[in-house]
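Read off the chains here:
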Amino acid sequence: MSFGEKRSWIYAVSALVVSVVYFATVLGQVPGADVTKIAYIRPMLTAIGVAVVLNIVASVVATIASPRDADKEDERDKEINRLGQHIGFYVVSVCALVPLGLAMVEAEHFWIANSLYLAFVVSAFTSSIVKIVAYRRGF
Amino acid sequence: MAKPTKVTNSIRALRFAHGEMTQAELADRIGVTRQTVIAIEQGRYSPSLEMAFQIARVFTVPLDDVFQYPDTEE
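Owing to the predicted nature of the structure, the values given are computational and were not obtained by experimental measurement.

Here is what the cut-offs are and how they apply
Residues numbered from 1 in each chain as written. Chains lettered and ligands numbered in written order. Predicted model: local features only at pLDDT ≥ 70, side-chain atom pairs only at ≥ 80, totals over all residues. Heavy atoms only, no water. Salt bridge = Lys/Arg side-chain N within 4 Å of Asp/Glu carboxyl O. Helix = DSSP H or I, 4+ residues; strand = E, 2+ residues; numbered from the N terminus. Buried < 20%, exposed > 50% of the residue type's maximum accessible area, 1.4 Å probe, protein only.

Caption draft 1: Main features of the pattern of salt bridges. Taken as a whole and judged by the stated rule, the model has four salt bridges over all chains. Here E5 of chain A ties to R136 of chain A by a salt bridge, and the two come within 2.8 Å at their closest N and O atoms. Here the residue E5 of chain A occupies a position in helix α1 (residues 3-27), and R136 of chain A occupies one in helix α6 (residues 109-137), the gap between them amounting to 131 residues. The class for E5 of chain A is buried, based on a relative accessible area of 7%. Taking relative accessible area as the criterion, R136 of chain A reaches 44% and is therefore assigned partly exposed. As a salt-bridge pair, R15 of chain B and E41 of chain B come within 2.5 Å of each other at their nearest N and O atoms. Of this pair, R15 of chain B sits in helix α1 (residues 11-17) while E41 of chain B sits in helix α3 (residues 34-41), and the two are 26 residues apart along the sequence. Across the pair, exposure class does not vary: R15 of chain B and E41 of chain B are buried alike.

Caption draft 2: Geometry of unusual backbone geometry. Residue and element names in this part refer to chain A. Positive phi, normally seen in glycine, also occurs at E106, with a value near 55°. You can see E106 is positioned in the loop between α5 (97-104) and α6. Classification of E106 by relative accessible area gives exposed; the value is 72%.

Written as structure tokens, this is what we have:
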């Protein structure tokens, strides 16, 4: 497995795991509660921070595990990365329509912030999956 | 597994004809990862024209001897 593919797996898994934990924790409080009273800012910032740190740590571990591959990136890696970013851009653009609509109807900040965070997560996850599929099946 | 390109190649045969050159050796010679050489050999990736010429140069053969493109539509 090339280092680029490993990096995509790390990105996909960290995006998925951290966001699932975050949404389970925060959205679990929603039923029967006043969303304006739910403290989501600190958990969201923590989730973003944890995802970043998890990515860095996992990448360092992957580098230590196979240092020979870590600094190698060729034209195929670049093309696959570009394809993933390209698809990810369209996904985040479409998903961002939800918080935009919520802002227009003056929904609670809770919903706007969480739908925007979800848009970023979905984009990051989709982008990583596209890259993994491109690495495995070709493109 | 679906092959996303119609370009075929003879890299595997050329490697064996050139002292059983390994995929890693070829990858080092053209400055790519071994995974990229594997992907090209298996028809999962069409290299750039520049990389194609580099591969042909390693085997000292014309480009047509390394890569082929079928005349007929599937």
